[in-house]
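# A closer look at the structure
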Amino acid sequence: MSDDQEQTKKDFDEAVTMTASELKKWLDTDESKSVGQKKDGGESTGHESGRHIVRILEKKKADLTDDDYAHMRKVVGYIKRHSAQKPKGDITDTDWRYSLMN
């Protein structure tokens with residue numbers, strides 16, 4: 001594993017705070033499916049990303065692919081940008097939070 005991959009994995013592990021089972025359960029909710037940009041009325045980009053994150057979380061480090069590392073970098077960047085846009089007040093039942101969780 002390269003130094004870049006090590007750093008990517010470390011950053012990903014710090015940014016993604018849900019377990020694979022927690023994320024799977026979340027992705028099955030109506031709230032999860034209600035947010036995000038949808039292509040042709042289908043699954044949202046964020047929901048699809050969440051499913052990829054589950055697959056990454058379920059893999060052993062040695063089985064991670066270049067595509068997985070690319071997705072981890074994308075996820076870390078998204079979480080940083082999205083977190084910087086946190087709205088004021090109670091975020092419990094907001095699209096902002098649901099998108100972040102996806």
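Placed above this text is the structure.
All residue numbers refer to position in the chain's written sequence, counted from 1. Since the coordinates come from a predicted model, pLDDT governs what is reported: local features require at least 70, and pairs of side-chain atoms require 80 or more to be given and counted, while whole-chain, interface and lining totals use all residues. Derived side-chain values reflect all non-hydrogen atoms in the structure, with water molecules and hydrogen atoms excluded from consideration.

## Some thoughts on the nonpolar core
Residues enter a nonpolar core if they are buried and are Ala, Val, Leu, Ile, Met, Phe, Trp, Tyr or Cys, with the set joined through side-chain atoms within 4.5 Å. Each residue is assigned to one of three classes by its accessible area relative to the maximum for its type, calculated with a 1.4 Å probe on protein chains only: buried under 20%, partly exposed between the two thresholds, exposed over 50%. Counting 19 residues, the largest nonpolar core has Phe12, Val16, Leu23, Trp26, Ile53, Met72 and Val75 as the members making the most contacts within it. Every helix listed is a DSSP run of H or I at least four residues long, and every strand listed is a run of E at least two residues long, numbered separately from the N terminus. Breaking this core down by element, the ones donating at least two residues are helix H2 (20-27), helix H4 (45-58), helix H5 (66-84) and helix H6 (95-101). Per-element accounting of this core gives the leading share, 5 residues, to H5.

## Side note on the layout of surface pockets
A cavity, in this analysis, means grid points on a 1 Å lattice covering only the protein atoms where a 1.4 Å probe fits yet has no way out; a pocket is instead an open set bounded by protein on both sides within 12 Å along at least five of seven lines, and a residue lines either one if it has an atom within 4 Å of a point. Grid points are joined across faces, edges and corners, and a volume is the space filled by probe spheres set on the points. In this structure, the largest pocket spans a volume of roughly 660 Å³. Taken together, 28 residues line the largest pocket, and the ones lying closest to its centre are Gly46, Ser49, Tyr78, Ser99 and Asn102. For this scheme, ten residues count as nonpolar: Ala, Val, Leu, Ile, Met, Phe, Trp, Tyr, Cys and Pro. Four count as charged, namely Asp, Glu, Lys and Arg, and the remainder, Gly too, count as polar. Split into classes, the residues belonging to the lining of the largest pocket amount to 11 nonpolar, 13 polar and 4 charged.

## A look at the packing of aromatic side chains
Note on aromatic contacts: the rings of Phe and Tyr and the six-membered ring of Trp form a pair at centre separations within 6.5 Å, being stacked when their planes are under 30 degrees apart, edge-to-face when over 60 apart, and tilted otherwise. Summed over all chains, the structure comprises 1 aromatic pair. Between Trp26 and Tyr98, the ring centres sit 5.4 Å apart and the planes meet at 45°, which makes this aromatic pair tilted. With Trp26 in helix H2 and Tyr98 in helix H6, this residue pair connects regions lying 72 residues apart in the sequence. Overall, Trp26 belongs to the buried group, its relative accessible area being 10%. The class of Tyr98 is buried, set by a relative accessible area of 9%.

## Description of the side chain of His47
Mapping His47 onto the fold places it in helix H4. Polar contact is defined as a pair of N or O atoms within 3.5 Å, subject to the rule that within protein one atom must be able to donate a hydrogen and the other to accept it, and that residues adjacent in sequence are counted only when both atoms are side-chain atoms. For His47, the side chain forms a polar contact with the main-chain oxygen of Leu27, separated by 2.7 Å. When sequence neighbours within four positions are dropped, the list of residues in contact with His47 reads Leu27, Ser32, Lys33 and Asn102. Contacts are assigned to residue pairs with any non-hydrogen atoms lying within 4.5 Å of each other.

## Comments concerning a negative patch on the surface
Taken together, Asp30, Glu31, Asp90 and Asp93 make up a surface patch of like negative charges. Structurally, Asp90 can be placed in the loop between H5 and H6. Patches were defined on residues exceeding 30% relative accessible area and lacking a salt bridge, with like-charge contacts within 9 Å and nonpolar side-chain contacts (Val, Leu, Ile, Met, Phe, Trp, Tyr) within 5 Å. Each accessible area is a Shrake-Rupley estimate made with a 1.4 Å probe; only the visible protein chains count as cover when residues are assessed. Any carboxyl oxygen of Asp or Glu that lies within 4 Å of a side-chain nitrogen of Lys or Arg is treated as forming a salt bridge with it. Neither His nor the chain ends contribute to the count of charged residues, in which Lys and Arg are positive and Asp and Glu negative. Think of each charge as sitting on NZ of Lys, CZ of Arg, CG of Asp or CD of Glu.

## Description of H4
Given the number of residues in a helix, its expected span is that number minus one, multiplied by 1.5 Å. A rise of 1.5 Å per residue sets the reference length of H4, with its 14 residues, at 20 Å; its end C-alpha atoms lie 20 Å apart and thus fit the reference within 8%. Of the positions making up H4, those classed as buried are His47, Ser49, Gly50, His52, Ile53, Val54 and Ile56.

## Re the pattern of salt bridges
Inspection of every chain in the model, using the stated rule, returns 7 salt bridges. Ionic pairing is found between Asp4 and Arg73, a salt bridge with its closest N-O pair at 3.6 Å. With Asp4 in helix H1 (residues 3-15) and Arg73 in helix H5, the pair connects residues that are 69 residues apart, well separated along the chain. A residue is classified by how much of its surface remains accessible, and Asp4, at 47% relative accessible area, is partly exposed. Judged by relative accessible area, Arg73 falls into the partly exposed class, the value being 40%. For Glu58, the salt bridge is made with Lys24, and the minimal N-O distance between the two is 2.7 Å. Residue Glu58 is located in helix H4, and its partner Lys24 is located in helix H2; the two are separated by 34 residues in the primary sequence. For Glu58, a relative accessible area of 48% corresponds to the partly exposed category.

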